[in-house]
Amino acid sequence: MKLAARITQVSPSMTLAVAAKAKAMKAEGLDVCSFSAGEPDFGTPSHIKIAAEKALENGKTRYGPAAGEPPLREAIAHKLRTENGLDYQAANILVTNGGKQSLYNLMQVLLDPGDEVIIPAPYWVSYPEMVKLAGGKPVIVHTSAEQGFKMSPEQLRQAITPQTRLVVFNSPSNPTGMVYTSDEVRAIAQVVIEKDILVVSDEIYEKILYDGGEHLSIGSISPEIFERTIVSHGFAKAYSMTGWRLGYLAGPVELIQAATTLQSQSTSNVCTFAQYGAIAALQGPQDCVEEMCAAFAKRRTFMLERLAAIPGVTCPTPHGAFYVFPNISVAGLPSLEFCDQLLEKHQVATVPGIAFGADDCIRLSYATDLETIQKGLDRLEGFIRQHL
Ligand SMILES: *Cc1c(COP(=O)(O)O)cnc(C)c1O
């Protein structure tokens, strides 16, 4: 069948594909250690589930406003004002089917053919594809492990052309786990203002930080950067709500209205009763987030120690999210081949760095139990030693 050019130039999500393959192998009875999941391995905290159940009971089962339930939009705006120093009201918020849809909507309403979007690599797999789906041109800025996988202000400045509309900023980052320091965030903001472009700040890992790190929302630095900032956020990672499909886009009213129009003609509102779970997530106790981070912190330490013991493998210490992104080039295999063999021969599922624009590396998620990490890293080490 002849399909639209729009879709034929887009790659399917490799992270979802690897996770599905690992699951299928497990279902066949194979003993698979999976590090592919981009999601917490915890259940959704019960007070959130109860709030959604109550909403379901109370008849929140109908169509709602496309932009989201008013109390949820209020609660999100309140969170962004009080926690992030971003001066948003409910009118600045669009509730979306996950952070994924918020970014998708943004690209669709912002980009015309030929418009350029700067994406620092290693990047989340969906950014370039979403830009392409909107007719835009992804401009990849490569960063190295030596620079902590962070784009320097000079690199950003050099990538900007008259066609540049937007730069994607993701801290803490998927796949590297790196976190920009406050000074580094300020330096990026300065270039955005100076060159008068827009920045979308994907803050979905905001709450998953280690070593006493603090999150600085780029839009909170000054009024000049605030008016050039769009925030993409969601509930999936901090509250273990990946399957709920709940995220939001925050930005200038005009942009939010345009994205709402798009959503009203595509998916309409996010599942009505699920939105009441999101309200509980924002307004309820936050110790669930701390407990999850404490568990991740332990696993991160263990994972880094084990990786450091494998000859030739290097891995910068991540300060956020739940991924490590080691360099495996010592094995002499392209990342796709490396991950395929590791999965086929040793039943260890990891995601090839090529999917994130970095072929020397692989991504391992430590959102899994310590036992799996132990066993999986034994196998990874054995595999790499065979290739030395
Ligand atoms: C998980 C993730 C998202 C969005 O996930 P949703 O499940 O759609 O909310 C967005 N950006 C990054 C970097 C992610 O890792």
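The rules behind each value
- Residues numbered from 1 in each chain as written.
- Predicted model: local features only at pLDDT ≥ 70, side-chain atom pairs only at ≥ 80, totals over all residues.
- Heavy atoms only, no water.
- Helix = DSSP H or I, 4+ residues; strand = E, 2+ residues; numbered from the N terminus.
- Contact = heavy atoms within 4.5 Å.
- Phe/Tyr/Trp six-rings, centres within 6.5 Å; stacked < 30°, edge-to-face > 60°.
- Buried < 20%, exposed > 50% of the residue type's maximum accessible area, 1.4 Å probe, protein only.
- Near = heavy atom within 4 Å.
- Polar contact = N/O pair within 3.5 Å; in protein donor to acceptor, adjacent residues only side chain to side chain.
- Areas by Shrake-Rupley, 256 points an atom, 1.4 Å probe, with all protein chains shown as cover.
- Nonpolar A, V, L, I, M, F, W, Y, C, P; charged D, E, K, R; others polar.
- Core = buried A, V, L, I, M, F, W, Y, C linked by side-chain atoms within 4.5 Å.
- Domains from an automatic or database assignment.
- Salt bridge = Lys/Arg side-chain N within 4 Å of Asp/Glu carboxyl O.
- Axes fitted to C-alpha atoms, helices over the stretch in contact; angles between N-to-C directions.
- Parallel < 35°, antiparallel > 145°, perpendicular 65-115°, else oblique.
- Left-handed = near helix turned anticlockwise from the far one by under 90°.
- Pairing = 2+ DSSP bridges.

> Any chance you could explain the side chain of glutamate 203 here in plain terms?
Take glutamate 203: it is sitting in the loop between β6 (198-202) and α9 (223-226). Those residues within four positions of glutamate 203 in sequence are excluded, and the remaining contacts are Asn84, His215, Ser217, Ile218, Val231, Ser232 and His233.

> Even after reading the chapter, I still don't get the packing of aromatic side chains, so can you show me in this structure?
The geometry of an aromatic ring pair is captured by two quantities: the separation of the ring centres and the angle between the planes. Throughout the structure, instances matching the rule amount to 15 aromatic pairs. Aromatic side chains tyrosine 205 and tyrosine 323 sit 5.8 Å apart centroid to centroid with 85° between the ring planes, which places their arrangement in the edge-to-face category. Taken together, the positions of tyrosine 205 in the loop between β6 and α9 and tyrosine 323 in strand β9 (residues 323-324) put the pair 118 residues apart, joining distant regions of the chain. With a relative accessible area of 1%, tyrosine 205 lands in the buried category. On the numbers, 5.1 Å between centres and 50° between planes, the contact of phenylalanine 296 with phenylalanine 322 is tilted. With phenylalanine 296 in helix α12 (residues 287-308) and phenylalanine 322 in the loop between α12 and β9, the pair connects residues that are 26 residues apart, well separated along the chain.

> Can you walk me through unusual backbone geometry in this structure?
Note on backbone geometry: most residues besides glycine have negative phi, and most peptide bonds are trans. Cis peptide bonds are those with omega within 30 degrees of zero, and the linkage from alanine 121 to proline 122 qualifies with -5°. In the Ramachandran plot, phenylalanine 149 falls in the positive-phi region, its phi being about 60° despite a non-glycine side chain. In this fold, phenylalanine 149 is placed in the loop between β4 (137-142) and α7 (153-159). Owing to a relative accessible area of 8%, phenylalanine 149 belongs among the buried residues under this scheme. The phi dihedral of arginine 245 falls on the positive side, at around 60°, and the residue is not glycine.

> Help me understand the site of the ligand, please; the structure alone is not making it clear to me.
In the vicinity of the ligand there are 13 residues, among which Gly99, Asp202, Tyr205, Lys237 and Arg245 approach most closely. One nitrogen or oxygen atom from the main chain of glycine 99 is found 2.7 Å from an oxygen atom belonging to the ligand. The separation between an oxygen atom of the ligand and a polar side-chain atom of tyrosine 205 is 2.7 Å. When the free accessible area of the ligand is taken as 380 Å², the share hidden by the protein chains comes to 93%. Among the elements that take part in the shell around the ligand, helix α5 (residues 98-110) stands out by supplying three residues, more than any other. Class assignment of the residues belonging to the shell around the ligand gives a composition of five nonpolar, four polar and four charged.

> Just to check I follow, could you spell out the nonpolar core for this structure?
General note: in soluble globular proteins, nonpolar side chains tend to be found buried as a group. Ranked by internal contacts, the top residues of the largest apolar core, which has 62 residues, are Phe235, Phe338 and Leu380. Sort the elements by how many residues they give to this core and α12 lands first, with eight residues. Structurally, this core is a two-domain feature, drawing no fewer than three residues from each of domain 1 (5-44 + 287-386) and domain 2 (62-283). Apart from the residues lying within four places of it in its own chain, the contact partners of leucine 380 are Leu307, Ile310, Phe338, Leu342, Ile362 and Leu364. Of all hydrophobic cores here, the second largest spans 53 residues; its members include Leu110, Val125, Tyr127 and Phe356.

> How should the pattern of salt bridges be read in this particular structure?
As a working rule, side chains carrying opposite charge can pair if their charged atoms are close by. Going through the model one piece at a time under the given rule, you end up with 18 salt bridges. Note that aspartate 41 and arginine 299 form a salt bridge whose closest N and O atoms lie 3.0 Å from each other. In this pair, aspartate 41 sits in the loop between β1 (33-34) and α3 (46-57) while arginine 299 sits in helix α12, placing the two residues 258 residues apart along the sequence. Exposure remark for aspartate 41: the relative accessible area of 37% places this residue in the partly exposed category. Residue aspartate 196 is joined to arginine 228 by a salt bridge in which the shortest nitrogen-to-oxygen separation is 2.8 Å.

> What is the right way to look at the packing of α12 against helix α14 (residues 370-386) in this model?
Axes are the key here: two packed helices are described by the angle between their axes and the distance separating the axes. In the contact formed by α12 and α14, the axes pass within 10 Å of each other and the chain directions differ by 15°. Here α12 is positioned roughly parallel relative to α14, judged by the angle of their axes. Where α12 crosses over α14, the two elements pack in a sense that is right-handed. When α12 is examined against α14, the residues Arg299, Phe302, Met303, Arg306 and Leu307 are found in contact with a partner set consisting of Leu370, Ile373, Gln374, Leu377, Asp378, Leu380 and Glu381. Considered class by class, the residues forming the contact of α12 with α14 number seven nonpolar, one polar and four charged.

> When you look at the pairing of strand β7 (residues 229-234) in this model, what are you seeing that I'm missing?
Taken residue by residue, a regular strand's side chains alternate between the two faces of the sheet. Where burial is concerned, most of β7 is hidden: six out of the six residues are buried. What you see with β7 is no split at all: Thr229, Val231 and His233 on one side and Ile230, Ser232 and Gly234 on the other are buried throughout. Bridge analysis of β6 against β7 gives four bridges, and the strand direction is parallel. Paired with valine 199 across the bridge in β7 is threonine 229. Alignment of β7 against strand β8 (residues 247-250), held across four bridges, turns out to be antiparallel. Looking at the pairing, serine 232 lines up with leucine 249 of β8.

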